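Report on the structure
So you can see what is in the structure, the chains are spelled out below.
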Amino acid sequence: GIPMSNPLDPANARTAIENLMFTYAERIDAGDFKGLAKLFEKARIIGPKGDVQGTGSAEVEKIYQRSTQVFEDGTPMTQHVTTNLILEFAKDGRSCNVRSRFTVVQAVDGFGLQPIITGYYEDKFAYTEADGWHFTERRMKPKLAGNLTRHLKYELKDA
């Protein structure tokens, strides 16, 4: 492809950040928890109340292995849809806070296609020459919960 001339140009930065966010959705829906965790190599995942749940790839991979049901095809049989992205760049253009919404739909045998959870992501990204744009933090704030019995291995509290 055409090389990105300046990764700090807001349009180029937005594309890179969106690609990271959408890669997260792609990898979780593929059941690729190792690939998903790589996105958080220099980042942490925090819960709705700000509690740190995992930092770095190894810890993040364990979170998903521990919490996400996987079916015969090796996937969670979900589709994560990320929308309503609002980006706020720092003055120097080298970091960005992003607010967005997620909707997860699922269908498995005996469980017709339906939304199972919606909520908010509050993400932080940074740019360095060595790593390019990358996640530094993802905070997940569930809002509306449906039937999660075929997705999570635990009961969601306080959704």
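Here, every reference points to the structure presented above.
The sections below set out a description of the structure shown in this document. Residue numbering note: each chain is counted from 1, following its sequence as written. Side-chain atom pairs in this predicted model are given and counted only at pLDDT of 80 or more, local residue features only at pLDDT of at least 70, and totals for whole chains, interfaces and linings cover all residues. The side-chain values count all of the structure's non-hydrogen atoms but skip hydrogen atoms and water molecules.

1. Quick look at helix α3 (residues 56-67)
In this model, α3 (12 residues) spans 17 Å end to end at C-alpha, consistent with the 16 Å of a helix rising 1.5 Å per residue. Type-normalised accessible area, obtained with a 1.4 Å probe on protein chains alone, sets the label of each residue: buried when under 20%, exposed when over 50%, and partly exposed for intermediate values. Only DSSP runs of H or I covering at least 4 residues are called helices, and only runs of E covering at least 2 are called strands; the numbering of each starts at the N terminus. G56, V60, E61, I63, Y64 and S67 are the residues of α3 that are buried. The buried residues of α3 occupy an angular sector of 155° when the element is viewed end-on, so they sit on one face. Turned more than 90 degrees away from the buried face of α3 sit A58, K62 and R66, all of them exposed. Multiplying 1.5 Å by the residue count of a helix minus one yields the expected span of that helix. Directions pointing from the helix axis toward each C-beta atom define the arc.

2. Here's the deal with the sheet that holds strand β3 (residues 78-89)
Strands pair, by our definition, only if DSSP identifies at least two bridges between them. Strand order across the open sheet formed by 6 strands is β2-β1-β6-β5-β4-β3, with mixed pairing between neighbours. Two strands close off the open sheet at either side, each with one partner strand: β2 (52-55) and β3. Averaged over neighbouring strand pairs, the angle between their axes works out to 20° when direction is ignored. Where strand β5 (residues 111-128) and strand β6 (residues 132-145) come together, 12 bridges link them in antiparallel fashion. Counted as the bridge partner of A126 is H134 from β6. Relative to β3, helix α1 (residues 10-29) is tilted by about 155°, and along the sheet it contacts β3, β4 (95-108), β5 and β6. α3 contacts β1 (44-46), β2 and β6 of the sheet and is inclined by roughly 125° relative to β2. All axes are obtained by fitting lines to C-alpha atoms, using only the stretch in contact for helices, and the reported angles, taken between N-to-C directions, cover 0 to 180 degrees. Pairs of residues are marked as contacts when any of their non-hydrogen atoms sit within 4.5 Å.

3. Here we look at the side chain of D123
Structurally, D123 can be placed in strand β5. Polar contacts, as used here, are pairs of N or O atoms within 3.5 Å; protein pairs need one atom able to donate a hydrogen and one able to accept it. Residues neighboring in sequence count only if both atoms are side-chain atoms. Within the structure, D123 has its side chain in polar contact with the side chain of R138 (distance 2.7 Å). For D123, the contacting residues outside a window of four places in its chain are M21, C96, N97, V98, F135, E137, R138 and R139.

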